[in-house]
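# Topology and contacts: notes
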Amino acid sequence: MTPKLFLIVPCYNEEAVLPVTAPLFLKKITDLAREGKISPDSRILFVNDGSRDATWDIIRKLAAEDEHFLGISQSRNRGHQNAVLAGLMEAKDLCDITVSLDVDGQDDINAIDAMVEAYLDGYEVVYGVRSSRDTDSFFKRFTAQSFYKFLAAMGAEVVYNHADYRLISSRVLQEFAGFEEVNLYLRGLIPLVGFKSTTVEYARSERLAGSSHYPLKKMIGLAVDGVTSLSVKPLRLIMTFGIVVALISFIGCVWALITALIGKTVAGWASMTCIICFVSGVQLISLGIIGEYVGKIYMETKHRPRYIISERTWKP
Ligand code: UDP
Ligand code: MG
């Protein structure tokens, strides 16, 4: 049986580009269905992320004109990650596979063929990975790449050069539904769900119309969210820092004592220095210990599934 595909397309103030890309998405799924790769019942699900322009009206019109188009609207703007999540959760019981992609035409829709192929070969998650960043400005390229390196250094596992263009099977989505956290960083969370995954390369092009909603401020916000929602490494760093400071302070104390004994100081200097060094070391180590516990509490509050079974030798 051919899999039923849902394209999940978040839209925020996209009245300029939506009428351009919607027919392209439709052509893609009808072509794939004609080739017998996906079911003819496949759909394109637009998620209106609280747009203030005519985006929702356009989506409603598309849905009225062609049954392949579906739309849901969020009550207010919640950001790209939440919009994608809303679409995925809505689709998980309605289809076999989902592909999430941007509405602006930057994600090359021809990569969907290879993603579906990979799914048919047994992969449950297929990450779209950008082959080149030629169309990006130096600034965007530099900040984006620093972003991946920073995340990796901070202990957040992400797929290099992968944004949110990916195929996820409904089976993985059912398990992913168990991840109840509200601070969403999908790129880091989906790998945590596990299952057999692979990557497909695609060229990312320029926006077809409209303008980006990801200025530097939002990118930094996303990076901070990525690190703080996936990893407690920054809290751990306090401990390392505390130990280093304690060691330096110890040397500082010895140095203060020696200078005092040689008699090269004014009265009271050595004792003051020793107290400052000692207290700052103790304080940072204590903060580090508290950080360890806060980190544990933080991970516990997420109520993530403790295990996910991918296969059994019997049918439950
Ligand atoms: N988007 C969204 N909510 C937001 C911001 C963006 O749903 O608050 C959608 C947007 O409509 C697009 C995708 O997320 O489909 C990616 O946004 P954009 O193209 O502005 O980001 P960029 O590609 O420049 O990083
Ligand atoms: Mg874009």
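Structure report, in brief. (Residues numbered from 1 in each chain as written. Chains lettered and ligands numbered in written order. Predicted model: local features only at pLDDT ≥ 70, side-chain atom pairs only at ≥ 80, totals over all residues. Heavy atoms only, no water.)

## Brief notes about the pairing of strand β1 (residues 5–11)
With seven of its seven residues buried, β1 lies for the most part within the structure. Alternating residues of β1 divide into L5, L7, V9 and C11 and F6, I8 and P10, and every residue in both groups is buried. Examined bridge by bridge, β1 and strand β4 (residues 97–100) share four bridges and lie parallel to one another. Paired with F6 across the bridge in β4 is T98. Examined bridge by bridge, β1 and strand β2 (residues 43–48) share six bridges and lie parallel to one another. Each residue of the ladder has a partner; that of I8, found in β2, is L45. After leaving β1, the chain enters helix α1 (residues 18–34) and then returns to the sheet as β2, a path that is right-handed. (Buried < 20%, exposed > 50% of the residue type's maximum accessible area, 1.4 Å probe, protein only. Helix = DSSP H or I, 4+ residues; strand = E, 2+ residues; numbered from the N terminus. Pairing = 2+ DSSP bridges. Right-handed = clockwise from strand over helix to strand, strands pointing away.)

## Some details on the packing of aromatic side chains
Across all of its chains, the model carries three aromatic pairs by this definition. When the centroid spacing of 5.8 Å and the interplanar angle of 25° are considered together, the rings of F46 and F69 count as stacked. Taken together, the residues F46 in strand β2 and F69 in strand β3 (residues 69–73) connect sequence positions 23 residues apart. Taken individually, F46 and F69 each receive the classification buried, so the pair is uniform in this respect. Over the aromatic face of Y123 sits the side chain of K196, whose NZ or CZ is 4.6 Å from the ring centroid. (Phe/Tyr/Trp six-rings, centres within 6.5 Å; stacked < 30°, edge-to-face > 60°. Lys NZ or Arg CZ within 6 Å of the ring centre and 35° of its normal.)

## Some details on a nonpolar patch on the surface
On the surface, F250, I251, V254, I258 and I262 cluster together into a nonpolar patch covering about 510 Å² of accessible area. Structurally, V254 can be placed in helix α9 (residues 233–262). For V254, a relative accessible area of 36% translates into the label partly exposed. (Patch = residues over 30% accessible without salt bridge, like charges linked within 9 Å, V, L, I, M, F, W, Y side chains within 5 Å. Areas by Shrake-Rupley, 256 points an atom, 1.4 Å probe, with all protein chains shown as cover. Salt bridge = Lys/Arg side-chain N within 4 Å of Asp/Glu carboxyl O.)

## Things to note about the packing of α9 against helix α10 (residues 269–301)
In contact at an axis separation of 8 Å, α9 and α10 are set at 165° when each is read in the N-to-C sense. The angle between α9 and α10 falls in the class roughly antiparallel. Crossing of α9 against α10: the hand is left-handed. Among the residues making up the contact of α9 with α10, the classes are represented as 22 nonpolar, ten polar and three charged. (Axes fitted to C-alpha atoms, helices over the stretch in contact; angles between N-to-C directions. Parallel < 35°, antiparallel > 145°, perpendicular 65-115°, else oblique. Left-handed = near helix turned anticlockwise from the far one by under 90°. Nonpolar A, V, L, I, M, F, W, Y, C, P; charged D, E, K, R; others polar.)

## Notes on the site of ligand 1
Neighbouring ligand 1 are 20 residues, the closest being E14, D49, D104, S212 and H213. For ligand 1, an oxygen atom lies 3.1 Å from a polar atom in the side chain of N77. Interatomic distance of 3.4 Å between a backbone N/O atom of H80 and a nitrogen atom of ligand 1. When ligand 1 is considered free in solution it has 530 Å² of accessible area, and contact with the protein chains removes 94% of it. Secondary structure elements with two or more residues in the shell around ligand 1: β1 and α3 (80–91). A per-class count over the shell around ligand 1 returns six nonpolar, six polar and eight charged. (Near = heavy atom within 4 Å. Polar contact = N/O pair within 3.5 Å; in protein donor to acceptor, adjacent residues only side chain to side chain.)

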